[in-house]
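# Summary of structural features
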Amino acid sequence: MISSLRQPVIGITGSDLVLRQRHATPIKARAFLPSLSREKTQRSLVSVQKPLHIVSLGVGNFVPVKDDERGDLVKCGAYEADRSEVEAASTPSEAAKKVKIGIYFATWWALNVVFNIYNKKVLNAYPYPWLTSTLSLACGSLMMLISWATRIAEAPKTDLEFWKSLFPVAVAHTIGHVAATVSMSKVAVSFTHIIKSGEPAFSVLVSRFILGETFPVPVYLSLLPIIGGCALAAVTELNFNMTGFMGAMISNLAFVFRNIFSKKGMKGKSVSGMNYYACLSILSLAILTPFAIAVEGPQLWAAGYQTAISQIGPQFIWWVAAQSVFYHLYNQVSYMSLDEISPLTFSIGNTMKRISVIVSSIIIFHTPVQPINALGAAIAILGTFLYSQAKQ
């Protein structure tokens, strides 16, 4: 038997390494370390800077060792070990987890920024948000079907009940996705994301008045800067458009219901975050396609495509492909990160994501921003951060 222990400054001498065992006296647990309470009388033979392993020979099935003067003995040996030998099992795993979460966050933010840039470029040249939304879902669905078919990723084990539970989630996800794309086709990316930072306010209001949930007072107070900041940013927006504003608001409401349906319907379902979002994309694609055809239609799409190619050139095709691929990737990474982090950490990460998207879009598209508009955005984002703190 080998045991490891850590202790304050002590010395274990050579005479302490042999322990007496009487036939009539049962061996107690403390008998294995008789020198721990003694004063140090000799020069320490064992370093106290490293963990100590105690090795007992015959413990459990005692093997007595004869000694003419001392009688029956139980021999014990001690040796030093590096601290890393004892802690290696825990420390690297914690460090690796932190690194993994950091990589998830950095990847999530980067992919989201790239998606928003290419999505806005496509919508500026090709103002058909319903088709653009459909292509995003179609690309992600195709990528995952190929991954499952080639066994790059393990296909999820689903049944009819799984898809029934997923259906209301997919409906809300589809509405939220299309509404956000419509918003970005009408207003600046930064403005859409400022309004979308007000999603916590919708979450609390829906939960309170529809689900009957109550929240602590700090949660309600955190809504004041969110609502006030969004209102200030909207009023002072130079390129304000009612369709764009309402699209962002509808997107907020839809994503709140998506989260509610997801929590209620997916309890006990053992599907990973990556596969869960893949299934969500496939079902959303099936729901969205007929509506996209009805609202816009192939004739408008064909005419718009010819116009975009004549103005932009063949690189327009790459813009469409990029926005579709990056949309799926950033959502997939965000769902994968939910498997590794707490909801609070995810909320903070989502807040930081909005900041990165707003700042990068203003820089890349040279969006004119008034100081009062920037103040409103900052207040709204601060309120979102306070909400994530108060909610926990």
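This text goes with the structure placed above it.
Residues numbered from 1 in each chain as written. Predicted model: local features only at pLDDT ≥ 70, side-chain atom pairs only at ≥ 80, totals over all residues. Heavy atoms only, no water.

### Regarding the overall build of the protein
Within the protein, the secondary structure is distributed over 13 helices and four strands. Out of the 392 residues in the protein, the part that is buried amounts to 43%. For the protein, the exposed area adds up to about 21000 Å²; of that, 64% sits on carbon and sulfur atoms. (Helix = DSSP H or I, 4+ residues; strand = E, 2+ residues; numbered from the N terminus. Buried < 20%, exposed > 50% of the residue type's maximum accessible area, 1.4 Å probe, protein only. Areas by Shrake-Rupley, 256 points an atom, 1.4 Å probe, with all protein chains shown as cover.)

### A short note on the packing of aromatic side chains
Going through the model one piece at a time under the given rule, you end up with 13 aromatic pairs. Here the aromatic rings of Phe240 and Phe245 are separated by 5.7 Å at their centres, their planes lie at 45°, and the arrangement is tilted. Here the guanidinium or amino end of Arg208 rests over the ring plane of Phe209, the centre of that ring lying 5.9 Å away. (Phe/Tyr/Trp six-rings, centres within 6.5 Å; stacked < 30°, edge-to-face > 60°. Lys NZ or Arg CZ within 6 Å of the ring centre and 35° of its normal.)

### Let's talk about a nonpolar patch on the surface
Together, Ile175, Phe240, Met242, Met246 and Ile250 give the surface a local cluster of nonpolar side chains, amounting to about 450 Å² of exposed area. Counting residues per element, the nonpolar patch draws most heavily on helix H8 (residues 242–265), at three residues. Turning to its location among the elements, Ile250 is positioned in helix H8. The exposure class assigned to Ile250 is partly exposed, which follows from its relative accessible area of 41%. (Patch = residues over 30% accessible without salt bridge, like charges linked within 9 Å, V, L, I, M, F, W, Y side chains within 5 Å. Salt bridge = Lys/Arg side-chain N within 4 Å of Asp/Glu carboxyl O.)

### Description of the packing of helix H4 (residues 160–186) against helix H9 (residues 273–295)
Across the interface, H4 lies against H9 with an axial gap of 8 Å and an inter-helix angle of 70°. By the angle class used here, H4 and H9 are roughly perpendicular. Crossing of H4 against H9: the hand is right-handed. Here Phe162, Trp163, Leu166, Phe167, Val169, Ala170, Val171, His173, Thr174 and Val178 of H4 lie close against H9, whose contacting residues are Tyr276, Tyr277, Cys279, Leu280, Leu283, Ser284, Ile287 and Leu288. Taken together, the residues of the contact of H4 with H9 sort by class into 15 nonpolar, three polar and no charged. (Axes fitted to C-alpha atoms, helices over the stretch in contact; angles between N-to-C directions. Parallel < 35°, antiparallel > 145°, perpendicular 65-115°, else oblique. Left-handed = near helix turned anticlockwise from the far one by under 90°. Contact = heavy atoms within 4.5 Å. Nonpolar A, V, L, I, M, F, W, Y, C, P; charged D, E, K, R; others polar.)

### What about the nonpolar core?
In terms of nonpolar packing, the biggest core is built from 30 residues, with Trp148, Leu166, Tyr276, Leu280, Tyr327 and Tyr330 touching the most fellow members. Listing elements by their share of this core, those giving two or more residues are helix H2 (91–125), helix H3 (129–149), H4, H9 and helix H11 (315–338). Aside from chain neighbours lying at most four places away, what touches Tyr330 is Trp108, Leu111, Asn112 and Phe115. (Core = buried A, V, L, I, M, F, W, Y, C linked by side-chain atoms within 4.5 Å.)

### Quick look at the environment of Gly102
Summarising the element assignment, Gly102 is placed in helix H2. When its relative accessible area of 38% is taken as the criterion, Gly102 is described as partly exposed. Distance from Gly102 to Ser337, taken between C-alpha atoms, is 9.9 Å for residues 235 residues apart in sequence.

### Some points on the packing of H3 against H4
Relative orientation of the contacting elements H3 and H4 amounts to 130°, with a least axis distance of 9 Å. As summarised for this structure, H3 and H4 are arranged oblique, according to the angle between their axes. Seen from above, H3 lies across H4 with right-handed handedness. Residue-level contacts link Pro129, Trp130, Thr132, Ser133, Ser136 and Leu137 of H3 to His173, His177, Val178, Thr181, Val182 and Ser185 of H4. Residue classes in the contact of H3 with H4 are distributed as five nonpolar, seven polar and no charged.

### Here we look at the environment of Gly176
With respect to the secondary-structure elements, Gly176 resides in helix H4. Overall, the relative accessible area of 0% leaves Gly176 in the buried class. Measuring from C-alpha to C-alpha, the distance between Gly176 and Ser251 comes to 4.0 Å, with 75 residues separating the pair along the chain. Setting aside chain neighbours within four positions, we find Gly176 in contact with Ser251, Ala254 and Phe255.

### Some remarks on unusual backbone geometry
A positive phi is found at Arg151, a non-glycine position, where the angle reads about 65°. Structurally, Arg151 is set in the loop between H3 and H4. For Arg151, a relative accessible area of 75% corresponds to the exposed category.

### Let's talk about the side chain of Arg354
Residue position: Arg354 is located in helix H12 (residues 343–365). No salt bridge is formed by the buried Arg354; its nearest oppositely charged neighbour, Glu199, is found at 4.1 Å. Apart from the residues lying within four places of it in its own chain, the contact partners of Arg354 are His193, Lys196, Ser197 and Glu199. (Lys, Arg positive; Asp, Glu negative; His and termini not counted.)

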